[in-house]
Amino acid sequence: MINLVHFIHGLNTGGAETLVKDYALLLNKEKYNITILCYNRYGSPYEKILEEAGINVIYMCDEISTWGKRGIFAKIVNHYAIFIKTKKYLKRLNPDIIHYHLTLSKYIAFAKPSRKCRLVLTVHNEPTLIWDKRDLMGRIDFFFTKALIKNYNFKMIALHESMRRELNNLFPNCDIYRVNNGINFERFDVFESKDLIRETLGIPKDAFVIGHVGRFTDQKNHAFLIEIFSEIRKNTNAFLLMVGDGPNKNAIKESINKLGLTKNSLFLNDRIDIPRIMKAMDFFVFPSRYEGLGIVLIEAQKMGLKCLISEEVPDAVLVTNYIKKYSLRRSPEAWKDAILNFYNENIPFEDIELSEWDMRKVCKNLEAIYEK
C-alpha cells in the first residue's frame, strides 16, 4: 500500500476542498492508504461525509489549546504550533506521497519529510496572484516552493493549459501536468422535479431563477451580479438564488434590501446538494473578477444550465455550447440583454469536453502521475 497524505488548511466547501474530498472518496483504496491532514476544522458537511466513509482525517487544531482564541499571544502560539504539529504528523504518517493544496510549502519545508517522499502540489488559483512579488506571503511561499522542487521528487498540477504554461515559466525545473478539477458525475442524477425543489425552497414555480454559487468575496463580484439582477427584474418575474458563505454576505444582503428585492431573492449557506439546488435554476450568472478555474461552472453545465460568465474566467470551463463569455466592461443592462437573449436561444445541448471532467477518469489520470 502507498501511504498518501492530502494536506490542506481545512475542509470547508470551496473548490480545492471539494476536490480533496472527492479524491479521498474515489481514489483506488486497494493501492492507497489515504489520510487528509488539516490544520483547521470548519464544521462543514464534508467533515461528516469523510468520517462516515471511513477516511482518516486529522485536524491539528484539536491539539492546540489556544486555537480559536483572540489576542496576540494566541496568534503567535497558533502560528508556530502549526509548524510543529505538521512536522509531528508527517513524521508519524511517514507518507510515500504528500499531495498538498494552496500555499502550504513552508510547513512541508519545515517538516523535512524523507527525501524518498514524493511531493505533488495542485495550484488552485492564478499563479501570478498566488506568488505575487509585491506580497510578502507570496514571496515566502515562492521561495519555499522552489526549495522543495530542488530537493524532492516534485510534481505540480495545473487546472488548465494556460495555467500550465504560466507555471512552466515560474518553475522551469519542475514537472508540470494538467489535470482537470473533475466532478463526481454520480451526484448529478437528481430525480426530484424542478417544481418540487422550488416548493421546498420557497421559490415561485413560475419565476425566472437566476443562480450563482460561490463564496461571498470581492473576487466573485456579487455587487455587480445584483446590479444585473435588478435590470432583469424590470422585464421579467425574476428571482435570484445565491449559495455560499463569506465575509461580504451581510453587505450583499443589505444591498438587496435597499433595492427592495429581498422577497425576490434567496441566500443559502454552503450546501452539499448543489446539483439539486441547480435544478431549481433557469440560468447561471458568474461575473467573477478572476478565477483559477471555476469548477462550479462545470457543475452548472452538467445540470444543463446556460451560463453567462465574465471574460476573466479561464477558457477551460467552456466544455459545452451552453456557456458564453461577456465583458465586465459592459453595463448591467447589457448583461441583462445578453442573458435573456442567450436564454431564449433554442439550441440543443452539445457536450464538447464535459465527459473529460468525470472524477473517476480524473482520479485515474492522477494515479498515473503519482506512479510516474
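Quick look at the structure, then. Positions within a chain are numbered from 1, following the residues in the order the chain's sequence is written. Given that this is a predicted model, residues contribute local features only at a pLDDT of at least 70 and side-chain atom pairs are listed and counted only at 80 or more, while totals for whole chains, interfaces and linings are drawn from all residues. Working from all heavy atoms in the structure, the side-chain values ignore hydrogens and water.

Re a positive patch on the surface
Patch criteria: residues need more than 30% relative accessible area and no salt bridge. Like-charged residues are merged within 9 Å; nonpolar side chains of Val, Leu, Ile, Met, Phe, Trp and Tyr are merged within 5 Å. Each accessible area value is a Shrake-Rupley result obtained with a 1.4 Å probe; residue values ignore everything except the protein chains displayed when judging cover. Just to be clear on terms, a salt bridge is a Lys or Arg side-chain nitrogen sitting within 4 Å of an Asp or Glu carboxyl oxygen. Within this scheme the basic residues Lys and Arg register as positive and the acidic residues Asp and Glu register as negative, but His and the chain ends are omitted. The location of each charge is read from NZ of Lys, CZ of Arg, CG of Asp or CD of Glu. Taken together, the side chains of Lys87, Lys91, Lys112 and Arg115 define a basic patch exposed on the protein surface. Secondary structure elements are defined from DSSP: runs of H or I of at least 4 residues count as helices, runs of E of at least 2 residues count as strands, and each element is numbered from the N terminus. Topologically, Lys91 is positioned in helix H3 (residues 72–93). Any residue under 20% of the maximum accessible area for its type is buried, any over 50% is exposed, and the rest in between are partly exposed; the area is computed with a 1.4 Å probe on protein chains only. On the basis of relative accessible area, Lys91 is assigned to the exposed category, the value being 72%.

Structural notes on unusual backbone geometry
Backbone geometry places Asn94, a non-glycine residue, at a positive phi of 50 degrees. Following the sequence through the fold, Asn94 ends up in the loop between H3 and strand E4 (97–101). Backbone geometry places Asn221, a non-glycine residue, at a positive phi of 65 degrees. Positionally, Asn221 belongs in the loop between strand E8 (208–213) and helix H9 (222–233).

What to know about the pairing of strand E1 (residues 2–8)
The buried fraction of E1 is high, at 5 of 7 residues. At least two bridges found by DSSP between two strands is the condition for calling them paired. Here E1 runs beside strand E2 (residues 32–38); their pairing, made up of 7 bridges, is parallel. What sits directly across from Leu4, in E2, is Ile34. Of the crossover connections in this fold, the one passing from E1 over helix H1 (residues 15–26) to the parallel E2 is right-handed. The pairing of E1 with E4 spans 4 bridges and is classified as parallel. Bridge pairing in E4 places Leu4 opposite Ile97. Here, the term right-handed applies to a crossover whose path from the first strand over the helix to the second runs clockwise when the strands point away from the viewer.

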